[in-house]
Amino acid sequence: MKRLLLLLIPALISFQGFAAEFAVGDLVIKHPWARPTPPVADAGAAYFIVDNSRGADDRLLSAEADISQRVELHTHLMEGDVMMMRKVDTIEMPAGQTVALQPGGLHIMFIGLQAPLVEGDRFPLTLNFEKAGAVIVEVAIGQQPNAQ
Amino acid sequence: MLNKQLLIIVLGVVSVVAGVWLGRYFLPQTETAEPEINGIYISPSRKVADFELTNQSGQPFNQAALKERWSLLFFGYTFCPDVCPTTLAQLNQFHSRLAAEGLDEDVTVWMISVDPARDTAERLKEYTAFFNPKFGGATGDREEIDKLAQQFGVYYKIHDPEPGADYYLVDHSSAVIVINPDTRLQAVLTGTSSTDRLVEDFQAIRQHYDATQS
Ligand SMILES: [Cu+2]
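Note that the structure is a prediction, hence the values are computed from the model and not measured. (Residues numbered from 1 in each chain as written. Chains lettered and ligands numbered in written order. Predicted model: local features only at pLDDT ≥ 70, side-chain atom pairs only at ≥ 80, totals over all residues. Heavy atoms only, no water.)

Asks: When you look at the overall build of chain B in this model, what are you seeing that I'm missing?
Replies: A count of helices and strands for chain B gives 6 helices and 10 strands. Residues classed as buried in chain B amount to 48% of the 214 residues present. Carbon and sulfur atoms form 55% of the exposed surface of chain B, whose accessible area is close to 11300 Å². (Helix = DSSP H or I, 4+ residues; strand = E, 2+ residues; numbered from the N terminus. Buried < 20%, exposed > 50% of the residue type's maximum accessible area, 1.4 Å probe, protein only. Areas by Shrake-Rupley, 256 points an atom, 1.4 Å probe, with all protein chains shown as cover.)

Okay, structure coming up:
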């Protein structure tokens, strides 16, 4: 019965369309999205919000998707108007806080895209959290959701 | 005694500040007041030094391409998944807003790739056209890219691949360079601003330029 419920939850969630939320443990992952990419682009990025207002300290360890050769966790450092993108090993999810992956900051980076990311499409992305465990979210390809 | 002197000094400072503030507030702004933009307005405008790159169609990209029109230059690279698409998408909104009012004919947006090892002319063509078919792209020899970037204070740095990685990243300025129809540097737009602000700033720059022509 519990298993059936677990299977039903994603179906119910995706029913809401763009305003998708995905729960794992005490974490809620909101509005995963990615910008469409030009046909020649080798790289892409995905963003979402992680609400950890109910949980304990956690961290994102890695992400997996089959849309590209590599999937990495990245951030941006800014010095004046210079943007410096850097790979990071983990992304901290402190207890009681909401962490936003957004343009110009933290993102999931896709390197060696198999195909362009096309507006309106979706793809599954697995997020591996240290404590909450793994969760598959559905990334909507389009513009930044207003809800953010 | 000391307190009295201090009070006089403080009152003096306060009245000077108030005077400047009131003056700004009440004196009529002259037509040639410099626009207050999100970034740096260059006054007087600065001559653009020679450079020789190649555009998205394989044609020369040099001073002649900037003549008698407004040019907005953005420095980036197509491997960039975040800042460059974000900026180009915003510049597309900006250009479309100008187009809606018929103000886009003399405004060209250029993406200058600082990563010629990965970005060819054909690649730039497809990349920029994805955001707006009217946008141009250009790149070339490192020396010539530097000639262009350095005179605008545009910084970039190409990194070596990280151990075990088959790609490399590039740090780069997110500034948008505004060149006026006399082929002179007129402004450097910085900071993440809304499309509204971008249109406002550009229109203010253009109006100021028009007003000061004689
Ligand atoms: Cu990245």
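Asks: Looking at this structure, how should I read the coordination of the copper ion?
Replies: Put simply, the ideal angle at a metal is 109.5 degrees for four donors in tetrahedral geometry and 90 or 180 degrees for six donors in octahedral geometry. Residue and element names in this part refer to chain A. At the metal site, the copper ion is ligated by His 74 (ND1), Met 85 (SD), His 107 (NE2) and Met 109 (SD), and these contacts range over 2.1 to 2.4 Å. Here the copper ion binds 4 donor atoms, and the angle range of 99 to 117 degrees at the metal identifies the geometry as tetrahedral. When the donor residues of the copper ion are listed from N- to C-terminus, their spacing reads H-x10-M-x21-H-x1-M. Like His 107, the residue Met 109 is buried in the burial classification. (Donors = N, O, S within 2.8 Å, 3.2 Å for Na, K, Ca; no water. Tetrahedral: all angles 85-135°; square planar, octahedral: opposite > 155°, others 65-115°.)

Asks: Is there a simple way to think about the interface of chain A and chain B in this case?
Replies: How big an interface is tends to be expressed through the accessible area that disappears when the partners come together. Contact residues are listed per partner, giving 30 residues for chain A and 27 residues for chain B. The largest per-residue losses of area from chain A upon contact with chain B belong to A:Arg35, A:Val40 and A:Asp81, which jointly make up 25% of the total buried on that side. Of the charged contacts, one joins B:Asp166 and A:Arg70 as a salt bridge, the two residues approaching to 3.7 Å between their closest N and O atoms. Put simply, chain A and chain B have 11 residue pairs in polar contact (both at pLDDT 80 or more) between them. Only β3 (43-52), β5 (68-79), β6 (82-87) and β9 (107-113) of chain A provide two or more residues apiece to the side of chain A that touches chain B. Residue composition of the side of chain A that touches chain B, grouped by class: 15 nonpolar, 8 polar and 7 charged. Pairing of β6(A) with strand β8 (residues 170-173) of chain B involves 2 bridges; the strand directions are antiparallel. Looking at β8(B), one finds that A:Met83 is bridged to B:His172. (Contact = heavy atoms within 4.5 Å. Buried area = accessible area lost by both parts, 1.4 Å probe. Salt bridge = Lys/Arg side-chain N within 4 Å of Asp/Glu carboxyl O. Polar contact = N/O pair within 3.5 Å; in protein donor to acceptor, adjacent residues only side chain to side chain. Nonpolar A, V, L, I, M, F, W, Y, C, P; charged D, E, K, R; others polar. Pairing = 2+ DSSP bridges.)

Asks: So what exactly am I meant to see when it comes to helix α5 (residues 142-151) of chain B here?
Replies: For the α-helix, the turn length of 3.6 residues means that residues three or four positions removed from each other point alike. Residues B:Glu144, B:Ile145, B:Asp146, B:Leu148, B:Ala149 and B:Gln151 constitute the buried set of α5(B). Positive phi shows up at B:Gly153, right after α5(B), with a value of about 70 degrees.

Asks: What should I look at first to understand the packing of aromatic side chains in this one?
Replies: For any pair of aromatic rings, geometry is given as the distance between the ring centres together with the angle between the planes. Residue and element names in this part refer to chain B. A full pass over the atoms with the stated rule returns 10 aromatic pairs over all chains. Ring centres 5.5 Å apart and planes at 50 degrees place the aromatic pair Phe 51 and Phe 61 in the tilted group. With Phe 51 in the loop between β1 (39-47) and β2 (53-55) and Phe 61 in strand β3 (residues 60-61), this pair connects stretches of sequence that are 10 residues apart. Of the two residues examined, Phe 51 and Phe 61, each falls in the buried class. (Phe/Tyr/Trp six-rings, centres within 6.5 Å; stacked < 30°, edge-to-face > 60°.)

Asks: Honestly, the pairing of β5(A) in this entry has me stumped. Any pointers?
Replies: Residue and element names in this part refer to chain A. In this sheet, β9 lies alongside β5 in antiparallel orientation, the contact comprising 6 bridges. Along β9, the bridge assignment pairs Val 71 with Phe 110. Relative to β6, β5 runs antiparallel, the two sharing 6 bridges. Residue pairing in the sheet places Met 78 in a bridge with Met 83 of β6.

Asks: Help me out: how do you make sense of the sheet that holds strand β9 (residues 176-179) of chain B in this one?
Replies: Sheet strands pair by backbone hydrogen bonding; their relative direction is either parallel or antiparallel. With respect to topology, 8 strands assemble into an open sheet ordered β1-β10-β9-β4-β5-β6-β2-β3 (chain B), the strand pairing being mixed. The open sheet has two edge strands with one neighbour each: β1 and β3 of chain B.

Asks: Quick question: what am I supposed to make of the packing of helix α3 (residues 83-100) of chain B against helix α6 (residues 195-212) of chain B here?
Replies: Between two packed helices, what matters for the description is the angle formed by their axes and the separation of those axes. Residues and elements named next belong to chain B. Interhelical geometry of α3 versus α6 gives an angle of 55 degrees and a closest axis separation of 9 Å. Taken as axis vectors, α3 and α6 run oblique relative to one another. Here α3 runs over α6; the crossing is right-handed. Where α3 abuts α6, its residues Gln 90, Leu 91, Gln 93, Phe 94, Arg 97 and Leu 98 lie against Thr 195, Asp 196, Leu 198, Val 199, Phe 202, Gln 203 and Arg 206. Looking at the contact of α3 with α6 residue by residue, the class counts come to 6 nonpolar, 4 polar and 3 charged. (Axes fitted to C-alpha atoms, helices over the stretch in contact; angles between N-to-C directions. Parallel < 35°, antiparallel > 145°, perpendicular 65-115°, else oblique. Left-handed = near helix turned anticlockwise from the far one by under 90°.)

Asks: Would you mind showing me how to read the pattern of salt bridges here?
Replies: Two side chains that carry opposite charge are able to pair once their charged atoms sit near each other. All names here are of chain A. Applying the stated criterion to the full structure yields 15 salt bridges over all chains. Between Arg 59 and Glu 92 there is a salt bridge, with its nearest N and O atoms 3.0 Å apart. Highlighted residues: Arg 59 in strand β4 (residues 58-64) and Glu 92 in strand β7 (residues 91-93), separated in sequence by 33 residues. A salt bridge links Glu 130 to Arg 59; the shortest N-O distance between them is 3.1 Å. With a gap of 71 residues between them, Glu 130 in the loop between β10 (122-129) and β11 (133-141) and Arg 59 in strand β4 connect regions that are remote in the sequence. Take Arg 59: its relative accessible area is 28%, and that puts it in the partly exposed class.

Function-wise, these values are silent; they only describe arrangement.
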